[in-house]
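Each chain, written out:
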Amino acid sequence: PTRRSSDLSDNISLWLGLSEAYVESNEYLNARNVLEKALEVVTDIKDNTIIYLELITIDMNFEMFSSIHKPIDKLVEIAINNDEIKEDITSTLSDLASYLMQMEKMEDAKKIIEKATKILPEDKEVLKIKNEIENYIRYIDDFRKIKEDKKIKQEIVDLIAFNVLPNNELGMHDEEEKEAMTRSEERRVGKECPRC
């Protein structure tokens, strides 16, 4: 018996498996094309979400960073109108923005975190990452100049780093640890430079 097209469209694992086979063969365009074809026939919102996430993963694996934005836009479109996946998609986009920031792909990171804020504008984690990215973009060039200036004490450079670099680059796990280290560094600087 022949397969009905609805059977094929309902079985997302077939599409994902075929795409994965192309990825393993290093065939980027074929891997993407399979998933794009799947999007034409798959109607379930959760399945579409999985396909868009897989497209982003493929683009990331092949370092095709400019291609990630189209599936991200589609994900945002779906998530804004779907309470069931809002938080998951927002969290995924935040993680992706953080990862791209670590890779110094700041413009991509900024675009993605802004899209995450469209889904959940009040989410504290999203706003924290957005702030880190914006600070990094705004101050990183000046920070690098200060860091290389041998006349400026290392303690001052460290203190500035706490305000410019993201937690993961500082080796910090959370805001409390960062605040504690910042206060400690401020006390150290204050003792060494009482008139500063």
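Data block above holds the structure.
None of the values given here were measured: they were computed from a predicted structure.

Trainee: Hey, could you go over the overall build of the protein for me, with residue numbers and the actual values?
Mentor: Secondary structure assignment for the protein yields 11 helices and 0 strands. Within the protein, contacts between residues at least 6 apart in sequence are counted, and of these 53% link residues at least 24 apart. Accessible area of the protein: about 12,300 Å², with a carbon and sulfur share of 48%.

Trainee: Give me the side chain of H69: which residues, what numbers.
Mentor: In this fold, H69 is placed in helix α5 (residues 69-80). H69 gets classed as buried once you look at its relative accessible area, which sits at 11%. Beyond its immediate sequence surroundings of up to four residues, H69 is in contact with D108, K111, I112 and K115.

Trainee: Can you explain the nonpolar core? Please cite residues and give values.
Mentor: Formed by 45 residues in total, the largest nonpolar core has its most connected members in I72, L93, L100 and I112. The set of elements that each furnish at least two residues to this core consists of α2 (12-24), α3 (28-41), α4 (45-61), α5, α6 (83-102), α7 (106-119), α8 (124-148) and α9 (154-164).

Trainee: Help me get a handle on the packing of α2 against α3, residues and values and all.
Mentor: Relative orientation of the contacting elements α2 and α3 amounts to 165 degrees, with a least axis distance of 7 Å. Between α2 and α3, the interaxial angle falls into the category roughly antiparallel. Crossing angle aside, the handedness with which α2 passes α3 is left-handed. Each of W15, L16, L18, S19, Y22 and V23 in α2 lies in contact with α3, whose residues at this interface are N30, A31, V34, L35, K37, A38 and V41. Here the contact of α2 with α3 is composed, by residue class, of 10 nonpolar, 2 polar and 1 charged.

Trainee: Any details on α2? Residues and values, ideally.
Mentor: A rise of 1.5 Å per residue sets the reference length of α2, with its 13 residues, at 18 Å; its end C-alpha atoms lie 18 Å apart and thus fit the reference within 8%. Every buried residue of α2 is listed here: I12, W15 and S19. Take α2 and look down its axis: the buried residues cluster within an arc of 65 degrees, on one side only. Trailing α2 by a residue or two, N26 shows a phi angle of about 65 degrees, which is positive.

Trainee: Before we move on, could you go through the pattern of salt bridges and cite the residues and values that matter?
Mentor: Overall, the coordinates contain 7 salt bridges when judged by the stated rule. Note that E84 is salt-bridged to K46, the shortest N-O span being 3.0 Å. A residue pair is termed long-range when its members are at least 10 positions apart, and E84 in helix α6 and K46 in helix α4 qualify at 38 residues. Of the residues examined, E84 reaches a relative accessible area of 60% and is grouped as exposed. The partner of E134 in a salt bridge is K130, with the nearest N and O atoms 3.1 Å apart. One end of the pair is E134 and the other is K130, both in helix α8 and 4 residues apart, which spans about a single turn. A residue is classified by how much of its surface remains accessible, and E134, at 24% relative accessible area, is partly exposed. What emerges from the salt-bridge pattern is a single network uniting R32, E36 and D59.

Calculation criteria
- Residues numbered from 1 in each chain as written.
- Predicted model: local features only at pLDDT ≥ 70, side-chain atom pairs only at ≥ 80, totals over all residues.
- Heavy atoms only, no water.
- Helix = DSSP H or I, 4+ residues; strand = E, 2+ residues; numbered from the N terminus.
- Contact = heavy atoms within 4.5 Å.
- Areas by Shrake-Rupley, 256 points an atom, 1.4 Å probe, with all protein chains shown as cover.
- Buried < 20%, exposed > 50% of the residue type's maximum accessible area, 1.4 Å probe, protein only.
- Core = buried A, V, L, I, M, F, W, Y, C linked by side-chain atoms within 4.5 Å.
- Axes fitted to C-alpha atoms, helices over the stretch in contact; angles between N-to-C directions.
- Parallel < 35°, antiparallel > 145°, perpendicular 65-115°, else oblique.
- Left-handed = near helix turned anticlockwise from the far one by under 90°.
- Nonpolar A, V, L, I, M, F, W, Y, C, P; charged D, E, K, R; others polar.
- Expected span 1.5 Å × (residues − 1).
- Arc of directions from axis to C-beta.
- Salt bridge = Lys/Arg side-chain N within 4 Å of Asp/Glu carboxyl O.

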